[in-house]
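# Inside the fold
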Number of protein chains: 2
Amino acid sequence: MLFSIPTVIKEINKASESYPYGEEPKELYEPIRYLMALGGKRMRPLLTVLTYYMFQEDYKKAIGPSLAVEVFHNFSLMHDDIMDKAPLRRGKPTVHEKWNTNIAILSGDVMLVKAYDILNTCDAKILPDALRLFNDTATGVCEGQQWDMNFETENSVTVEQYLHMIKLKTAVLLGFSMELGGLLAGVDKATLSALRTCGTSAGIGFQLTDDVLDVYGDAATFGKQVGGDILANKKTYLLIRALEKAEGASKKQLQDLLSGKKKVSDAEKVEQVTRLYNELGIREEAEKRIQEYFDAAFHALQSIKGSIYRKHYLKDYLQALIQRQQ
Amino acid sequence: MLFSIPTVIKEINKASESYPYGEEPKELYEPIRYLMALGGKRMRPLLTVLTYYMFQEDYKKAIGPSLAVEVFHNFSLMHDDIMDKAPLRRGKPTVHEKWNTNIAILSGDVMLVKAYDILNTCDAKILPDALRLFNDTATGVCEGQQWDMNFETENSVTVEQYLHMIKLKTAVLLGFSMELGGLLAGVDKATLSALRTCGTSAGIGFQLTDDVLDVYGDAATFGKQVGGDILANKKTYLLIRALEKAEGASKKQLQDLLSGKKKVSDAEKVEQVTRLYNELGIREEAEKRIQEYFDAAFHALQSIKGSIYRKHYLKDYLQALIQRQQ
């Protein structure tokens, strides 16, 4: 079969479906299978496989280990959803809603252990490095989630703090996903470092795109409620910058909308905050930032020696991430 | 300094105090340091070090890696305490009480990652085995906790199911703790297997001793409320066997005490259930079982080749576990 991204996604899904997560007690293992079967873009394991493929043609060897990053990602979703009291994940009930919180805690714990189990299928030669980098990444993801929770009740969050938070919460795992592909392919240290830079930069760009789509996305394709962040007073890049840039009457209007001092309907709040963003040029600024991060990602990718032909898949994939509308 | 168990415990505590768990955000790392500093018997890392010492004299080399089993154990306590809604741990507020549930979830997650970090200080040669055995153990501990929770609402739990549960929840980690000592010392597979048998058998004996002490322990030395399991209708080895053995009027009395149909004070409930246990010879039966498990542990230890002199420390330590009153 010809190499293609849909084919790789199918193989990743097949690897997950046939992975022996466990059987009994079923309260532990059914939630794992449930969450893994909800799908998603499989962005992280795809990055692992596409990176590996850049260096080695037998991409199937990377499918199994690539599952580690997807299982880890879903573990973090299972626990984050408890903390965020989220009722839905990919349009379906979250694990703590469908079962209960205790099950979501414990099933998540097992899921994290399974991610390590899958990582342990790596060649013994690369295992110490893979484990060290994975641990650093996992630590970072937890730190990012904690900062994110802290920011909810903090009055002033700077752009720098925000970028640090999304780097940890989202981007480092994308960086590790690419690094894992490189480790599996046996590349040198400088290449590993470039891969990490590429994935991490793209990850920050990806998350900032999320912030922009929440306000400016098309409701039909975005898949989430447009303006959800605005209604939740979520301190996104857009809101933080608007609070920094607004002056005088604009500043007061924004603050009154956030504090609820100005009583408006949900639709009016979204509309008025969006108008303020437009007046302040926040969208353009965010898009410029996003472009800078993706430029850094491509620059890092450029520096890497690999099959020019097979590198295209990774490049095209990253390109699609920039242009995504959902 | 001469080798002694108090010395080893001090070194384990020192290793934990100086371990760089992390700094920021402090909500993640303060709970780890808090829980680790609450103390405890340090039974698990001690087993690792005492086992290592049986084969190799330079026991200090095992101190660092032995911290992995203690950190893992405390991670499981942090999450179990959430699930069990426990207000106290070693007489102090639990993490979810002192901070909150979200922090206890996420700080516990990081703690599990740190256990893997510490495990990664093992020699690369033994890492794949150490990681595999650790993953199996961690999975077992989570399964044990889930069975334990399931048993709370299950009407009939058999002795076999109960023994399987405590084996997973408590004993396999003791088995792994000894196995890790063997792995670090570079012993062969047969020895590793005997070490696991020794630790696991002692672990089941240890947990059954807990069940007996809950009823027959001396309030002054036990440290927990005597009769706590009885008041909570906890399906311990004693209660399960009493339900199996009781007949006629005794059976009805026991069932009425459990269901609350017979209205009595807490003190009366403890007294009457204990009297039933006495009449049914439950204590003797449990102690016979405990002796069998410890015999199996010593039998496995007997088969292991190691320094006769240094083996004594491990033997004496296990002996003390049998005779413990707290």
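### Examining unusual backbone geometry
Going from E24 of chain A to P25 of chain A, the amide bond is cis rather than trans, its omega being -5°. Tracing the backbone shows P25 of chain A in the loop between helix 1 (5-18) and helix 2 (26-37). Backbone geometry at R42 of chain B places phi at a positive 55°, although glycine is not the residue there. For R42 of chain B, the location among the structural elements is in the loop between helix 2 (26-37) and helix 3 (43-55). A relative accessible area of 5% means that R42 of chain B is categorised as buried. Here N233 of chain B, not a glycine, exhibits a phi torsion of approximately 55°, which is positive. Among the structural elements, N233 of chain B can be located in the loop between helix 11 (228-231) and helix 12 (237-245). Judged by its relative accessible area of 27%, N233 of chain B is partly exposed.

### Structural notes on the packing of helix 12 (residues 237-245) of chain A against helix 15 (residues 282-302) of chain A
Residues and elements named next belong to chain A. Viewed as axis vectors pointing N to C, helix 12 and helix 15 meet at an angle of 125°, and their least axial separation amounts to 10 Å. Put simply, helix 12 runs oblique to helix 15. Here helix 12 and helix 15 pass one another in a crossing that is right-handed. Contacts from Y237, L238, R241, A242 and K245 of helix 12 reach helix 15 at I282, E285, A286 and R289. Considered class by class, the residues forming the contact of helix 12 with helix 15 number 5 nonpolar, no polar and 4 charged.

### A look at the interface of chain B and chain A
Between chain B and chain A, the residue contacts involve 36 residues of the former and 36 residues of the latter. Counting each side, the surface lost to burial between chain B and chain A is near 3,400 Å², with a carbon and sulfur contribution of 67%. At the boundary of chain B and chain A, one finds 0 salt bridges. Viewed at the interface, chain A and chain B are joined by 14 residue pairs in polar contact (both at pLDDT 80 or more). The element that contributes the greatest number of residues to the side of chain B that touches chain A is helix 7 (residues 127-152) of chain B, accounting for 14 residues. In the side of chain B that touches chain A, the residues fall into 21 nonpolar, 8 polar and 7 charged.

### As for empty space enclosed by the protein
Residues and elements named next belong to chain A. Applying the stated criterion across every chain, the model contains 4 cavities of 30 Å³ or more. The computed volume of the largest cavity comes to approximately 70 Å³. Residue lining of the largest cavity: 13 residues in total, with D229, I230, K234, T236 and Y277 positioned closest to the centre. Only helix 9 (189-216), helix 11 (228-231), helix 12 and helix 14 (266-280) provide two or more residues apiece to the lining of the largest cavity. In terms of residues, the lining of the largest cavity owes the most to one element, helix 9, which gives 3 residues.

### Some remarks on the packing of helix 7 (residues 127-152) of chain A against helix 2 of chain B
The N-to-C vectors of helix 7 of chain A and helix 2 of chain B enclose an angle of 115°; their axes lie 9 Å apart at closest approach. As the angle between them shows, helix 7 of chain A and helix 2 of chain B are arranged roughly perpendicular. Mapping the contact onto sequence places T139, C142, E143, Q146 and N150 of chain A in helix 7 of chain A and E27, L28 and Y29 of chain B in helix 2 of chain B. Of the residues in the contact of helix 7 of chain A with helix 2 of chain B, the class split is 3 nonpolar, 3 polar and 2 charged.

### Focus on the relation of the copies chain B and chain A
The transformation that overlays chain B on chain A combines an axial shift of 0.0 Å with a rotation of 180°, and the residual RMSD is 0.0 Å. What the superposition gives is, in effect, a two-fold axis relating one chain to the other. Most of the interface of chain B is mirrored in chain A: 100% of its interface residues are interface residues there too.

### Here's the deal with the environment of L133 of chain B
When you line up the elements, L133 of chain B lands in helix 7. In contact with L133 of chain B, not counting residues within four places along its chain, are F176, E179, L183 and R196 of chain B.

### Some remarks on the pattern of salt bridges
Per the stated rule, a full pass over the model turns up 38 salt bridges over all chains. The residue D256 of chain A makes a salt bridge to K252 of chain A at a minimum N-O spacing of 2.6 Å. Of this pair, D256 of chain A and K252 of chain A both sit in helix 13 (residues 248-259), separated by 4 residues, roughly a single helical turn. Judged by relative accessible area, which is 15%, D256 of chain A ranks as buried. E179 of chain B is paired through a salt bridge with R196 of chain B; the nearest N and O atoms lie 2.6 Å apart. Placement of the pair is E179 of chain B in helix 8 (residues 159-185) and R196 of chain B in helix 9 (residues 189-216), with a sequence separation of 17 residues. Taking relative accessible area as the criterion, E179 of chain B reaches 5% and is therefore assigned buried. Each member of the salt-bridge network shares a partner with another, and the members are R241, E244, K245 and E285 of chain A.

### A look at the packing of aromatic side chains
One pass over the full model with this rule turns up 27 aromatic pairs over all chains. Between Y53 of chain B and Y313 of chain B, the aromatic rings sit 5.8 Å apart at their centres with planes inclined by 65°, giving edge-to-face as the arrangement. Of this pair, Y53 of chain B sits in helix 3 while Y313 of chain B sits in helix 16 (residues 308-323); the two residues are 260 residues apart in sequence, bridging distant segments of the chain. Take Y53 of chain B: its relative accessible area is 5%, and that puts it in the buried class. Of the aromatic side chains, those joined through ring pairs into one cluster are F72, F75, Y116, F134 and F176 of chain A together with F72, F75, Y116, F134 and F176 of chain B. Above the face of the W99 of chain A ring, K98 of chain A is positioned so that its terminal group lies 5.6 Å from the ring centre.

### Looking at helix 1 (residues 5-18) of chain B
A rise of 1.5 Å per residue sets the reference length of helix 1 of chain B, with its 14 residues, at 20 Å; its end C-alpha atoms lie 20 Å apart and thus fit the reference within 8%. Taken together, the buried residues of helix 1 of chain B touch helix 2, helix 3, helix 4 (60-83) and helix 16 of chain B.

### A word on the environment of V270 of chain A
Secondary-structure assignment places V270 of chain A in helix 14. Not counting the four nearest positions on each side in its chain, V270 of chain A is found in contact with G227, I230 and L231 of chain A.

What counts and how
- Residues numbered from 1 in each chain as written.
- Chains lettered and ligands numbered in written order.
- Predicted model: local features only at pLDDT ≥ 70, side-chain atom pairs only at ≥ 80, totals over all residues.
- Heavy atoms only, no water.
- Helix = DSSP H or I, 4+ residues; strand = E, 2+ residues; numbered from the N terminus.
- Buried < 20%, exposed > 50% of the residue type's maximum accessible area, 1.4 Å probe, protein only.
- Axes fitted to C-alpha atoms, helices over the stretch in contact; angles between N-to-C directions.
- Parallel < 35°, antiparallel > 145°, perpendicular 65-115°, else oblique.
- Left-handed = near helix turned anticlockwise from the far one by under 90°.
- Contact = heavy atoms within 4.5 Å.
- Nonpolar A, V, L, I, M, F, W, Y, C, P; charged D, E, K, R; others polar.
- Buried area = accessible area lost by both parts, 1.4 Å probe.
- Salt bridge = Lys/Arg side-chain N within 4 Å of Asp/Glu carboxyl O.
- Polar contact = N/O pair within 3.5 Å; in protein donor to acceptor, adjacent residues only side chain to side chain.
- 1 Å grid on protein atoms, 1.4 Å probe; cavity = no way out; pocket = protein on both sides within 12 Å on 5 of 7 lines; lining within 4 Å.
- Points joined across faces, edges and corners; volume = space filled by probe spheres on them.
- Least-squares fit on C-alpha atoms with pLDDT ≥ 70 in both.
- Phe/Tyr/Trp six-rings, centres within 6.5 Å; stacked < 30°, edge-to-face > 60°.
- Lys NZ or Arg CZ within 6 Å of the ring centre and 35° of its normal.
- Expected span 1.5 Å × (residues − 1).

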